[in-house]
Amino acid sequence: MACVSLPAFPLQLLLRHHPDWRGHPVAVAEEDRPRARLVWVSQEAWRAGVDPGLSYATALALLPTLRVGVLAPGEVEAGVEEVAVRLYRFSPQVERAEPGTFWLDAEGLHGLYPSLQAWAGALRDDLAREGWEATVVVGFSRFGTRAVATVHRGVRVFSSVREEYDTTGRVGLRDLGLDPEVAEALEKLGVRTVQDLRALPEVGLQERFGRSVAELRRLADGGAFDPLRPQAQQEELQRRVILDSPEEDLPRLVGTIRSALDPLLRALAHRGEAACSVELALRQQTGQVLVTEVRPAVPTLDSSRWADLL
């Protein structure tokens, strides 16, 4: 399997909206108000002393050149879906984890690519062309590929289970997102890496540090079954209408659009889903195509609501 990691995913989303901010100190805030907390900061901001958890106002007082942005509700989910759609071009089985982390089935691709290295490189290049920074690690376990992706940048392909196991052992526990207090307690015992954790007895870990740490050790040692759990790709629903003559009457045009939209909404209802966005493309007499997208506050199958928005 392959782990595709887009680190600091919300921050990457913000920088795609503001490409001119790249190279500057940037932060993502919870809300657009002075007391709002910063939830993500760039390396440039972190090096200047701005940490996640600071308030918007405090961070600006500390670093006046800081660029701060807020992501709209649902924007992260939409970004995850956008990336997933691109990943389906490289594998029929894609699993979404936390925002910015995906697992792909990398089996059976030798007929399409000369090597897994070439496949992983093509995948990463495809995301890069869309403005995403990604790491791709191809290996044999969910834990191993994810652990290496946290400390590696670029593409890494393991040729054997042993190579992945040994490389994963050198990953620091703090890099895995372990609770800081637990990590500090383990460090006092000289346990700083995955290999150090593997050397400890599972029963003792659970008694002293809880089930989550014991489960982490079991995953790190390959003792837990953790297969790929892909989500099926759903194709976008589309309909094209060619008018008998050019139309400039808005009510008639909306009526035509609604008649085309109704069967698409029924198809979504049959799938147990609702529409979260509609993209409308109108070709003018000049040949120019005007494209717009509308989104309701919540996904809906109400055709009257869609007609009003359109």
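To be clear, the structure that these remarks concern was listed above.
Residues numbered from 1 in each chain as written. Predicted model: local features only at pLDDT ≥ 70, side-chain atom pairs only at ≥ 80, totals over all residues. Heavy atoms only, no water.

Peer 1: I keep staring at helix α1 (residues 9-17) and nothing clicks. Help me out?
Peer 2: Buried residues dominate α1, accounting for seven of its nine residues. Phe 9, Pro 10, Leu 11, Gln 12, Leu 13, Leu 14 and Leu 15 are the residues of α1 that are buried. Looking at the buried positions of α1, the neighbouring elements they touch are β2 (26-29), β3 (38-41), β4 (67-70) and α4 (75-87). (Buried < 20%, exposed > 50% of the residue type's maximum accessible area, 1.4 Å probe, protein only. Helix = DSSP H or I, 4+ residues; strand = E, 2+ residues; numbered from the N terminus. Contact = heavy atoms within 4.5 Å.)

Peer 1: Any chance you could explain the sheet that holds strand β1 (residues 2-5) here in plain terms?
Peer 2: Adjacent strands of a sheet form backbone hydrogen bonds with each other and so pair up, either parallel or antiparallel. Taken together, five strands build an open sheet; the order of strands is β5-β6-β1-β7-β8 and the sheet is mixed. Two strands in the sheet have a free side with no partner beyond their single neighbour: β5 (94-96) and β8 (155-157). Each strand of the sheet is rotated relative to its neighbour by a mean of 15°, with strand direction disregarded. Pairing analysis gives four bridges linking β1 to strand β6 (residues 101-104), with the strands arranged antiparallel. (Pairing = 2+ DSSP bridges. Axes fitted to C-alpha atoms, helices over the stretch in contact; angles between N-to-C directions.)

Peer 1: Just checking my understanding: could you explain the packing of helix α10 (residues 202-209) against helix α11 (residues 211-220) for this structure?
Peer 2: Helix packing geometry: the angle between the two helix axes and the distance between the axes. Orientation of α10 relative to α11, taken along the N-to-C sense of each, is 155°, at an axis distance of 7 Å. Here α10 lies roughly antiparallel to α11, going by the angle between them. For the crossing formed where α10 meets α11, the hand is right-handed. Residue-level contacts link Glu 202, Leu 205, Gln 206 and Phe 209 of α10 to Arg 211, Val 213, Ala 214, Arg 217 and Arg 218 of α11. Its residues placed into classes, the contact of α10 with α11 shows four nonpolar, one polar and four charged. (Parallel < 35°, antiparallel > 145°, perpendicular 65-115°, else oblique. Left-handed = near helix turned anticlockwise from the far one by under 90°. Nonpolar A, V, L, I, M, F, W, Y, C, P; charged D, E, K, R; others polar.)

Peer 1: So what exactly am I meant to see when it comes to the pattern of salt bridges here?
Peer 2: Pairs can form between side chains of opposite charge whenever their charged atoms are close. Inspection of the entire model under this criterion finds 18 salt bridges. Note that Glu 215 is salt-bridged to Arg 218, the shortest N-O span being 2.2 Å. One end of the pair, Glu 215, and the other, Arg 218, are both in helix α11, three residues apart, so they sit about a helical turn from each other. For Arg 218, a relative accessible area of 24% translates into the label partly exposed. Notably, a salt bridge pairs Glu 247 with Arg 252, separated by 3.0 Å at the nearest N-O pair. For Arg 252, a relative accessible area of 52% corresponds to the exposed category. Among the charged side chains, a network of salt bridges with common partners joins Arg 86, Asp 126, Arg 129 and Glu 130. (Salt bridge = Lys/Arg side-chain N within 4 Å of Asp/Glu carboxyl O.)

Peer 1: I would appreciate a short explanation of the side chain of Asp 105 in the present structure.
Peer 2: Inspection of the secondary structure assignment puts Asp 105 in the loop between β6 and α5 (116-129). Despite being buried, Asp 105 has no salt bridge partner; Arg 142 is the closest side chain of opposite charge, sitting 11 Å away. Of the polar contacts made by the side chain of Asp 105, one reaches the side chain of Gln 93; its length is 3.0 Å. Of the polar contacts made by the side chain of Asp 105, one reaches the backbone nitrogen of Glu 107; its length is 3.0 Å. When near neighbours in sequence (up to four residues on either side) are disregarded, Asp 105 contacts Ser 91, Gln 93 and Leu 228. (Lys, Arg positive; Asp, Glu negative; His and termini not counted. Polar contact = N/O pair within 3.5 Å; in protein donor to acceptor, adjacent residues only side chain to side chain.)

Peer 1: Explain the nonpolar core to me, please; I cannot follow it from the model alone.
Peer 2: Generally speaking, a soluble globular protein has its nonpolar side chains buried in company with each other. With 32 residues, the main nonpolar core has Val 4, Phe 102 and Trp 119 as its most contacted residues. Broken down by secondary-structure element, the contributors of at least two residues to this core are β1, α1, β2, α4, β6, α5 and β7 (135-138). By size, the runner-up hydrophobic cluster in this structure holds 16 residues, among which are Val 191, Val 194, Phe 209 and Leu 216. (Core = buried A, V, L, I, M, F, W, Y, C linked by side-chain atoms within 4.5 Å.)

Peer 1: I tried to follow the sheet that holds β3 on my own but got confused; where do I start?
Peer 2: Spatial strand order, β3-β2-β4: three strands in an open sheet with mixed pairing. Where the open sheet ends on each side, the last strands, each with one partner, are β3 and β4. On average, each strand axis in the sheet is inclined to that of its neighbour by 30°, with strand direction left out of account. One ladder, built from four bridges, connects β2 with β4; its direction is parallel. Within β4, the residue paired with Val 28 across the bridge is Gly 69. Against the sheet, α1 touches β2, β3 and β4, its axis set at about 110° to β2.

Read these as geometric descriptors, not functional statements.
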